[in-house]
Amino acid sequence: MLTHIVGSCGAIALLSLTLGGEPQPAAPSAPSTPAAAAAAQDPKPLPKVRIDYNMVKTLFGKDPASDDPKNPSTPEKVALGKALYHEKHLSKNGNISCASCHDLANYGVDSKPTSPGTDGKNGDRNTPTTWNAFRNFRQFWDGRASTVEEQSSMPVLNPDEHGVADEAQLVAKIKEKAELVEGFKKAFPGDADPVTAGNFRLAVGAFERTLATKSKWDEYLDGNQRALSSDEVYGLKTFIEVGCTTCHMTRLLGGNMYQKNGLLKPYAHLEDTGRMQVTKSEADKHFFKVPSLLNVEKTAPYYHDGKVATLEEAIKTMADTQLGKTLTDEQMRGLVIFLKALTGKLPEEFAQAK
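Residues numbered from 1 in each chain as written. Predicted model: local features only at pLDDT ≥ 70, side-chain atom pairs only at ≥ 80, totals over all residues. Heavy atoms only, no water.

Each helix and strand in the protein was counted, giving 14 helices and four strands. Residue burial in the protein is summarised as follows: out of 354 residues, 49% are buried. In the form shown here, the protein has an accessible surface area of approximately 16900 Å², with 53% of it arising from carbon and sulfur atoms. (Helix = DSSP H or I, 4+ residues; strand = E, 2+ residues; numbered from the N terminus. Buried < 20%, exposed > 50% of the residue type's maximum accessible area, 1.4 Å probe, protein only. Areas by Shrake-Rupley, 256 points an atom, 1.4 Å probe, with all protein chains shown as cover.)

Written out as structure tokens, the structure reads:
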């Protein structure tokens, strides 16, 4: 339903303060549970509904099918990939890394409509998240890479992104860092000369394959039907009934197919021809990879161009342009509540880095 991918409600603690020696009125107590917090924001619960759990498992039970990169993981390979992901030296001006745009503490994005490259020039498309990216059936908005391994060197060699001239220059820049060379030796001990562009891709890919989040949505799909609240189940049923599953299926709720942006009504900003830039086929004009909705609450702004600022606006626009529908306030509220249930907790090392 969203063509971006493409945000969770928490209780806000209100404290009694004393300013200038004068006692201040006591603030109301904070709701003690997430459910109480939601009720405090909107006391009217959504209708209780029943849902066919077996149908849900059929629609959403599995990840999208994706290519096997034949890249077995090792701790040494993952450690090297993590170092490469964060290494700014591997850009023309030594000022950006993968993490500059794909901030792992910020759910794998930089929260900008489009991101600046090494020379400060912004790209044309919104930065997709690297969390769960390996689980998508293809990479990039236009699907030009089949795996995170193949994808990993493309931004590095893009003149508008990292700006490294070619693979030879990438290898030369790696060899300027003794600690990186040592990392390659440990990760690829059988290679006479382990520092290669191919091994760069394998290492970064191995690291990115560790970037998976789990949420109450996964707990629900794994058998705990109480993992979702009544309001979240209402939102899930709405998601299915209004037709969001036309595009957003699998456990990722997307990342599984291409779709035309502006299927029933034109999208307001379609200068970008999407997958047509890869295939050169008019039939692919304005088609983009359907993004996963995992952690969508946290990855604004939305769509391939980053022109939609809020989750509510994204839902409303997609319902209109992709489904030809105008949602009721109740449906909107339910969908937002459900989509926020897709937010997973970040691993401690990245959550603390924020």
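Past the structure itself, the notes keep going.
A few words on the nonpolar core. Residues Phe60, Trp217, Tyr220, Leu236, Phe239, Leu253 and Leu339 are the most contacted members of the largest nonpolar core, which totals 37 residues. Elements that contribute at least two residues to this core include exactly helix 2 (53-60), helix 9 (216-221), helix 10 (230-241), helix 12 (311-323) and helix 13 (329-340). For this core, the element with the highest residue contribution is helix 12, accounting for six residues. Residue contacts for Tyr220: discarding those within four places in its chain leaves Ile51, Tyr53, Val56, Gln225, Ala227, Leu228 and Leu236. (Core = buried A, V, L, I, M, F, W, Y, C linked by side-chain atoms within 4.5 Å. Contact = heavy atoms within 4.5 Å.)

What follows concerns the packing of aromatic side chains. Per the counting criterion, the structure on display carries 11 aromatic pairs. Feature note: the residues Tyr53, Phe60, Trp217, Tyr220, Phe239 and Phe338 constitute an aromatic cluster, connected by ring pairs. Positioned above the aromatic ring of Phe140 is the side chain of Arg144, whose terminal nitrogen or guanidinium carbon lies 3.7 Å from the ring centre. (Phe/Tyr/Trp six-rings, centres within 6.5 Å; stacked < 30°, edge-to-face > 60°. Lys NZ or Arg CZ within 6 Å of the ring centre and 35° of its normal.)

Summarising the element assignment, Asp231 is placed in helix 10. Overall, Asp231 belongs to the buried group, its relative accessible area being 17%. A polar side-chain atom of Asp231 sits 3.1 Å from the main-chain amide nitrogen of Leu46. With sequence-adjacent residues up to four places away left out, Asp231 is seen in contact with Pro45, Leu46, Arg333 and Ile337. (Polar contact = N/O pair within 3.5 Å; in protein donor to acceptor, adjacent residues only side chain to side chain.)

The next point concerns the environment of Phe184. Locating Phe184 in the fold gives a position in helix 7 (residues 178-187). Taking the C-alpha atoms as reference points, Phe184 and Lys77, separated by 107 residues in sequence, lie 7.9 Å from one another. For Phe184, the residues in contact, after removing those within four places along its chain, are Leu80, Leu84, Ile174, Pro194, Val195, Thr196, Asn199 and Phe200.

Angle between the axes and distance between the axes: these two values describe a pair of packed helices. Where helix 2 contacts helix 10, the two axes come as close as 12 Å, and the packing angle between them is 60 degrees. Once helix 2 is placed against helix 10, the crossing between them reads as left-handed. Across the interface between the two elements, Met55, Val56, Leu59 and Phe60 from helix 2 touch Leu236, Phe239 and Ile240 from helix 10. The residue inventory of the contact of helix 2 with helix 10, partitioned by class, reads seven nonpolar, no polar and no charged. (Axes fitted to C-alpha atoms, helices over the stretch in contact; angles between N-to-C directions. Left-handed = near helix turned anticlockwise from the far one by under 90°. Nonpolar A, V, L, I, M, F, W, Y, C, P; charged D, E, K, R; others polar.)

Averaged over every residue, the pLDDT of the protein is 90; residues scoring 70 or more account for 87%. A low-confidence stretch, residues 1-33 (pLDDT under 50), is modelled with 80 contacts involving residues beyond four sequence positions or located in other chains. (pLDDT = per-residue confidence, 0-100.)

Turning next to the packing of helix 6 (residues 167-175) against helix 8 (residues 197-208). In contact at an axis separation of 9 Å, helix 6 and helix 8 are set at 70 degrees when each is read in the N-to-C sense. Comparing their axes, helix 8 and helix 6 come out roughly perpendicular. The residues of helix 8 that touch helix 6, namely those facing Glu167, Leu170, Val171 and Ile174, are Ala197, Phe200 and Arg201. Counted by class, the contact of helix 6 with helix 8 contains five nonpolar, no polar and two charged residues. (Parallel < 35°, antiparallel > 145°, perpendicular 65-115°, else oblique.)

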